[in-house]
Amino acid sequence: MLKGKARAHTNIALIKYWGKEDEQLIIPNNSSLSLTLDAFYTETEIYFDEALTADIFYLDGQLQDEKATQKVSRFIDLFRQQANCSLFAKIQSTNHVPTAAGLASSASGLAALAAACNQALQLNLSKQDLSRFARKGSGSACRSIYGGFVEWQKGTDDQSSYAISVDSQHFEDDLAMIFIVLNDQQKEISSREGMKRTVETSSFYPTWLTEAQKDLVAIKEAIHQKDFIRLGEITEANGLKMHATTLAAVPPFTYWSDQSLKAMQVIRKIRKDGRPCYFTMDAGPNVKVLCQKEQVSQIKERLAEHFAPEQLIVAYAGKGIELIEMDV
Ligand code: DP6
């Protein structure tokens, strides 16, 4: 039996990945930049076993259905091919998400699975190759291979599209992200579906691409200079531009709920009152607040005037993938 176990943390993009050039290989249309966080992570163990007659997949202790298992099987096939291995596998994955649900992420899940497969099949893949493999499971997963600030360089093909660690002289250690969990029961449009519709139909999409490129250059400069205000301004503006593309899609859609809009207003007000903080959002209504570590308690206090304590989760910069020793 071949076994491996790994942990990966989730990441939140400050410069968003939005749209694919190649849907099969998951080559993006634009490069992106993220912060890996400590509060949300996935631990995955995998056993390749001759005794198995099919892949079996448990998520948080629950045996998963055929559809979910097939998705995971297809991803593991990439590693089986690479290792010339035809064994079936048992996969046990646990999402560590504090309090409210709805924050489990495909990024940490697929990055952890990639690292566990690499270990079990003794592939000795470099981080660069692991990032390429993770990318083929879910684009944003390629950034969760690394800790701190991470850039996914879009590249032009399978070989050249992967993430790298951004040299920041530990700037990320000064930062925090407060998650405002908004559990509105909206109909979900997955990021995959949402970005596809936007690429195909949104008249704002070409502008998004030129803007994202400029924002990436500017944010790297801000990181280099450890300029928090600049970092926050670019993050907030880039997120808004991404979400603007969805309004011009056909048919139009938005991930924002009334609660998201309320959160944005509250954040702007806190900022106006002299506490620097900036928001970003992904393919859902939750709002994430980027701030300095030293200001977390005051900003959280202000947010707590509008949101319940269990809706507010604080995260700090997190590590890249880690292998975990197995006893059995
Ligand atoms: C808005 O990585 O979930 O969070 O590659 O189709 O699996 P697929 O999409 P996914 O998209 C993430 C989109 C985003 C922005 C980001 O994380 O960069």
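Structural notes, computed from the coordinates. Every chain begins its residue count from 1, and numbering advances along the sequence as written. At least 70 in pLDDT is required for a residue's local features to be given in this predicted model, at least 80 for side-chain atom pairs to be given and counted, and no such filter applies to totals for whole chains, interfaces and linings, which use all residues. Side-chain figures throughout are based on the complete set of non-hydrogen atoms in the structure, without hydrogens or water.

Here we look at the overall build of the chain
Moving on, step 1. The helix and strand labels rest on DSSP assignments: H or I over at least four residues marks a helix, E over at least two residues marks a strand, and numbering proceeds from the N terminus. If you tally the helices and strands in the chain, you get eight helices and 14 strands.
Moving on, step 2. This radius of gyration counts C-alpha atoms alone. The globule rule is 2.2 Å times how many residues there are, raised to the power 0.38. Here the chain has a C-alpha radius of gyration of 20 Å; the compact-globule value for 328 residues is 20 Å, and the two agree.
Moving on, step 3. In the chain, buried positions account for 53% of the 328 residues.
Moving on, step 4. Nonlocal contacts in the chain, meaning residues at least 24 apart in sequence, comprise 76% of its contacts between residues at least 6 apart.
Moving on, step 5. The positive count covers Lys and Arg only, the negative count covers Asp and Glu only, and His and the chain ends enter neither. Charged side chains are reduced to one point each, which is NZ for Lys, CZ for Arg, CG for Asp and CD for Glu. Taking the 36 positively charged and 41 negatively charged side chains of the chain as two groups, their mean positions are separated by 3 Å. When a residue's accessible area, from a 1.4 Å probe over protein chains only, is under 20% of the maximum for its type it is buried; when over 50% it is exposed; and in between it is partly exposed. Note on contacts: a residue pair is in contact if any heavy atoms of the two residues lie within 4.5 Å.

What about the pattern of salt bridges?
Moving on, step 1. When a carboxyl oxygen of Asp or Glu is within 4 Å of a side-chain nitrogen of Lys or Arg, the pair counts as a salt bridge. One pass over the full model with this rule turns up 24 salt bridges.
Moving on, step 2. For Glu-43, the salt bridge goes to Arg-7, with nearest N and O atoms at 2.8 Å. Residue Glu-43 is located in strand S4 (residues 32-49), and its partner Arg-7 is located in strand S1 (residues 2-15); the two are separated by 36 residues in the primary sequence.
Moving on, step 3. Looking at Glu-43, the relative accessible area reads 15%, which means it is buried.
Moving on, step 4. With a relative accessible area of 22%, Arg-7 lands in the partly exposed category.
Moving on, step 5. In this structure, the salt-bridge partner of Glu-305 is Arg-302, at a minimum N-O distance of 3.9 Å.
Moving on, step 6. With relative accessibility at 57%, the residue Glu-305 sits in the exposed group.
Moving on, step 7. Owing to a relative accessible area of 22%, Arg-302 belongs among the partly exposed residues under this scheme.

Structural notes on helix H5 (residues 205-224)
What sets the pattern is the α-helix's 3.6 residues per turn: residues three or four places apart point alike.
Moving on, step 1. To estimate how far a helix should extend, the number of its residues minus one is multiplied by 1.5 Å. Under the 1.5 Å per step criterion, the end-to-end length of H5 is 29 Å for 20 residues, consistent within 8% with the ideal 28 Å.
Moving on, step 2. Listing the buried residues of H5 in full gives Tyr-205, Trp-208, Ala-212, Asp-215, Leu-216, Ile-219, Ala-222 and Ile-223. Axial view of H5: buried residues confined to an arc of 130°, hence all on one face. Those residues of H5 that are exposed and angled more than 90 degrees off the buried face are Pro-206, Gln-213, Lys-214, Val-217 and His-224.
Moving on, step 3. If you follow the buried residues of H5, they end up packed against S1, S4, strand S8 (149-153), helix H4 (191-201) and helix H6 (228-247).
Moving on, step 4. Two residues or fewer past H5, Lys-226 is found with a positive phi of approximately 50°. For this quantity, the arc is that covered by the directions from the helix axis to the C-beta atoms.

Some thoughts on the packing of helix H1 (residues 66-83) against helix H2 (residues 106-120)
Moving on, step 1. At a minimum axis distance of 10 Å, the contact between H1 and H2 shows a crossing angle of 40°. Here H1 lies oblique to H2, going by the angle between them. For the pair H1 and H2, the crossing hand works out as right-handed. Residues Val-72, Phe-75, Ile-76 and Phe-79 of H1 pack against Leu-110, Leu-113, Ala-114, Cys-117 and Asn-118 of H2.
Moving on, step 2. Any residue that is not Ala, Val, Leu, Ile, Met, Phe, Trp, Tyr, Cys, Pro, Asp, Glu, Lys or Arg is counted as polar, Gly included; the first ten are nonpolar and the last four charged. Broken down by class, the residue content of the contact of H1 with H2 amounts to eight nonpolar, one polar and no charged. Lines fitted to the C-alpha atoms define the axes, with helices restricted to the stretch that makes contact. Angles between their N-to-C directions range from 0 to 180 degrees. For this classification, under 35 degrees means roughly parallel, over 145 means roughly antiparallel, 65 to 115 means roughly perpendicular, and everything else is oblique. Crossing handedness is defined as follows: a turn of the near helix away from the far one that is anticlockwise and smaller than a right angle gives a left-handed crossing, while the clockwise case is right-handed.

Observations concerning the packing of aromatic side chains
Moving on, step 1. Classification of ring pairs uses Phe, Tyr and Trp, with its six-membered ring standing for Trp, and accepts pairs whose centres are within 6.5 Å; under 30 degrees between planes counts as stacked, over 60 as edge-to-face, and the remaining range as tilted. Inspection of the entire model under this criterion finds eight aromatic pairs.
Moving on, step 2. When the centroid spacing of 5.4 Å and the interplanar angle of 70° are considered together, the rings of Phe-75 and Phe-79 count as edge-to-face. On the criterion of helical spacing, the pair formed by Phe-75 and Phe-79 is a turn pair, its members being four residues apart in helix H1. Per residue, the accessibility class of Phe-75 equals that of Phe-79, and both read buried.
Moving on, step 3. Judged by centre distance (4.8 Å) and plane angle (35°), the ring pair of Phe-79 and Phe-133 falls under tilted. Within this pair, whereas Phe-79 is found in helix H1, its partner Phe-133 is found in helix H3 (residues 127-137), the two being separated by 54 residues in sequence.

Side note on the pairing of strand S10 (residues 175-180)
Moving on, step 1. Of all six residues in S10, six are buried, a share of seventy percent or more.
Moving on, step 2. A two-sided burial pattern is seen for S10, the buried positions comprising Leu-175, Met-177 and Phe-179 on one face and Ala-176, Ile-178 and Ile-180 on the other.
Moving on, step 3. For two strands to count as paired, DSSP must find a minimum of two bridges between them. Alignment of S10 against strand S12 (residues 287-292), held across six bridges, turns out to be antiparallel. Residue pairing in the sheet places Leu-175 in a bridge with Gln-292 of S12.
Moving on, step 4. Sheet topology note: the S10/strand S13 (residues 312-316) ladder contains five bridges and is antiparallel. In the strand pairing of S13, Phe-179 is matched with Ile-313.

Observations regarding the site of the ligand
Moving on, step 1. Throughout, near means a residue has at least one heavy atom within 4 Å of the molecule or strand. For the ligand, the set of nearby residues contains 15 residues, the closest of which are Tyr-17, Lys-20, Ser-138, Gly-139 and Ser-140.
Moving on, step 2. N or O atoms within 3.5 Å of each other form a polar contact, as long as, within protein, one can give a hydrogen and the other can take it, and as long as residues adjacent in sequence are counted only when both atoms are side-chain atoms. A distance of 2.9 Å separates an oxygen atom of the ligand from a polar atom in the side chain of Ser-191.
Moving on, step 3. To be clear on the numbers: accessible area is Shrake-Rupley with a 1.4 Å probe, and residue cover counts the displayed protein chains and nothing else. A total of 460 Å² of accessible area belongs to the ligand in isolation, and the protein chains cover 92% of it.
Moving on, step 4. For the shell around the ligand, the per-class residue count stands at six nonpolar, four polar and five charged.

Digging into the nonpolar core
Moving on, step 1. As used in this record, nonpolar core signifies buried Ala, Val, Leu, Ile, Met, Phe, Trp, Tyr and Cys residues forming a set joined through side-chain atoms within 4.5 Å. Judged by nonpolar contacts, the single largest core of 47 residues is most densely connected at Ile-46, Phe-48, Ile-76, Phe-79, Ile-91 and Leu-113.
Moving on, step 2. It is H2 that provides the largest number of residues to this core, a total of nine residues.
Moving on, step 3. The contacts of Ile-91, once residues within four sequence positions are left out, are Thr-44, Glu-45, Ile-46, Ile-56, Phe-57, Tyr-58, Val-72, Ile-76 and Leu-113.

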